[in-house]
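# A structural walkthrough
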Amino acid sequence: MQSSQTVGILAGGGPLPARVAEAVVARGGSVFILGFEGFAEPETIAPWPHQIVRLGAAGQMLSLLREHKCGDLVLIGPVRRPSLRSLYPDSEGVRILARLGRSLFSGDDGLLASLVRILGEEGFRVRGAHEFLPQSVSEPGVLGQIRPDDIARADIAHGIKVVQALGRLDIGQGCVVQNGVVLTVEAMEGTDRMLERAGLCKQPGEGGVLVKLLKPGQDKRADMPTIGPVTVRLAAQAGLRGIAFEAAHTLLTDSENCVAEADKSGLFLIAVEPERFIP
């Protein structure tokens, strides 16, 4: 995976931009990070060459990426979709917004796919974070000490159907199911806020299950499902029994601490293959 060109990291929030940078440098490569203003965490990206930029400053972004001789790009870390009014695009941003066209008003997948295409047309190659962080995706199976029982497995199976239906409509990547009842589904608010709502909707009896999957047909080079220790803690606080996520298609920001947090809280973690999962 080594390249003479610098890997450009377009960074949203969370720890994963730093993990990608660490992985590239460990393999002898170099990185330049564009941190999106209001989303990237300055202290997280501080150890590497970087600059904070506005989302609408596309001209500045492209200029910086070329100045630092970036060839491969990685889009990583959550970024909330801004309103057009809040973007204040520069002249290059206006041109790119025009090229995005109708995808601006479609779901996240359509917008991200168009963005990946345009970056390719500008001479860059967009790569998935999983290519740099193979240790952050899991093979099918249970992680940790807790295993789902038959009721939980039935909830997982139902959750898979729900999330796949949501994904086909480009709505979200997750839901919470408790004893066959869908408590919450993920939309633009993200997983953490969904889990907060799930705690408010919890029914009597055994806790629910978070199911998180790649959307059907989704390009893994942008917005892969992500789970971290905070996700596990919030799931425990919401009274859930466990988390099911898609094997090979979900990034664990810190798999060791995810498992430790799950074991401590009595939650199961299971990586599933949606088409092969048997309740």
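Anyway, here's the lowdown on the structure attached to this text.

Once that is clear, we can look at the overall build of the protein. From N to C terminus, the protein includes 11 helices and 13 strands. In terms of overall size, the protein behaves like a compact globule, its C-alpha atoms giving a radius of gyration of 19 Å where 279 residues would be expected to give roughly 19 Å. In terms of overall dimensions, the protein has a C-alpha envelope of 55 × 40 × 30 Å along the principal axes. Burial statistics for the protein: of 279 residues in total, 51% are counted as buried. Look at the contacts in the protein between residues 6 or more apart in sequence, and 73% of them connect residues 24 or more apart. One finds the centroid of the 29 positive side-chain charges in the protein at a distance of 4 Å from the centroid of its 32 negative side-chain charges.

Bringing the nonpolar core into the picture now. Of all hydrophobic cores here, the largest spans 23 residues; its most connected members are Val 176, Ile 243, Phe 245 and Leu 269. Looking at this core, the elements with two or more residues in it are helix H9 (191–201), helix H10 (229–237), strand S11 (242–246), helix H11 (255–265) and strand S13 (268–272). Setting aside residues no more than four positions away along its own chain, Phe 245 makes contact with Ser 138, Leu 143, Lys 212, Leu 213, Ile 227, Thr 250, Leu 252, Leu 269, Ile 270, Ala 271 and Val 272. By size, the runner-up hydrophobic cluster in this structure holds 22 residues, among which are Met 61, Leu 65, Ile 118 and Val 126.

On to the packing of H10 against H11, then. In contact at an axis separation of 8 Å, H10 and H11 are set at 15° when each is read in the N-to-C sense. By the angle between their directions, the pair H10 and H11 is classed as roughly parallel. Note on packing geometry: the crossing formed by H10 with H11 is right-handed. Where H10 approaches H11, its residues Pro 229, Val 232, Arg 233 and Ala 236 are matched on the opposing element by Asn 257, Cys 258, Glu 261, Ala 262 and Ser 265.

Turning our eyes to something else, we now look at the sheet that holds strand S4 (residues 70–76). By way of backbone hydrogen bonds, the strands of a sheet pair with one another, either parallel or antiparallel. The strand order S3-S2-S1-S4-S5 describes an open sheet built from 5 strands, whose pairing is parallel. The open sheet has two edge strands with one neighbour each: strand S3 (50–53) and strand S5 (125–127). Adjacent strand axes in the sheet meet at a mean angle of 25° when their direction is disregarded. The pairing of strand S1 (residues 6–11) with strand S2 (residues 31–36) spans 5 bridges and is classified as parallel. Bridge pairing in S2 links Leu 10 to Leu 34.

As a further point, take the environment of Pro 47. Counting through the fold element by element, Pro 47 comes out in the loop between helix H2 (42–45) and S3. Linking Pro 47 and Ala 21, residues 26 residues apart in sequence, is a C-alpha distance of 9.4 Å.

Attention now goes to the packing of helix H3 (residues 58–67) against helix H5 (residues 91–100). The geometry of H3 relative to H5 is characterised by a closest axis approach of 5 Å and an angle of 100° between their N-to-C directions. In terms of their interaxial angle, H3 and H5 are classed as roughly perpendicular. Here Ala 58, Gly 59 and Leu 62 of H3 lie close against H5, whose contacting residues are Glu 92, Gly 93 and Ile 96. Here the contact of H3 with H5 is composed, by residue class, of 3 nonpolar, 2 polar and 1 charged.

As a further point, take H5. Within H5 the residues assigned to the buried category are Glu 92, Gly 93, Ile 96 and Leu 100. The buried residues of H5 all sit within an arc of 100° when viewed along its axis, so they share a single face. Exposed residues pointing more than 90 degrees away from the buried face of H5 are listed as Ser 91 and Ala 98.

Cut-off values and rules
- Residues numbered from 1 in each chain as written.
- Predicted model: local features only at pLDDT ≥ 70, side-chain atom pairs only at ≥ 80, totals over all residues.
- Heavy atoms only, no water.
- Helix = DSSP H or I, 4+ residues; strand = E, 2+ residues; numbered from the N terminus.
- Rg over C-alpha atoms; globule rule 2.2 N^0.38 Å.
- Buried < 20%, exposed > 50% of the residue type's maximum accessible area, 1.4 Å probe, protein only.
- Contact = heavy atoms within 4.5 Å.
- Lys, Arg positive; Asp, Glu negative; His and termini not counted.
- Charge placed at Lys NZ, Arg CZ, Asp CG, Glu CD.
- Core = buried A, V, L, I, M, F, W, Y, C linked by side-chain atoms within 4.5 Å.
- Axes fitted to C-alpha atoms, helices over the stretch in contact; angles between N-to-C directions.
- Parallel < 35°, antiparallel > 145°, perpendicular 65-115°, else oblique.
- Left-handed = near helix turned anticlockwise from the far one by under 90°.
- Pairing = 2+ DSSP bridges.
- Nonpolar A, V, L, I, M, F, W, Y, C, P; charged D, E, K, R; others polar.
- Arc of directions from axis to C-beta.

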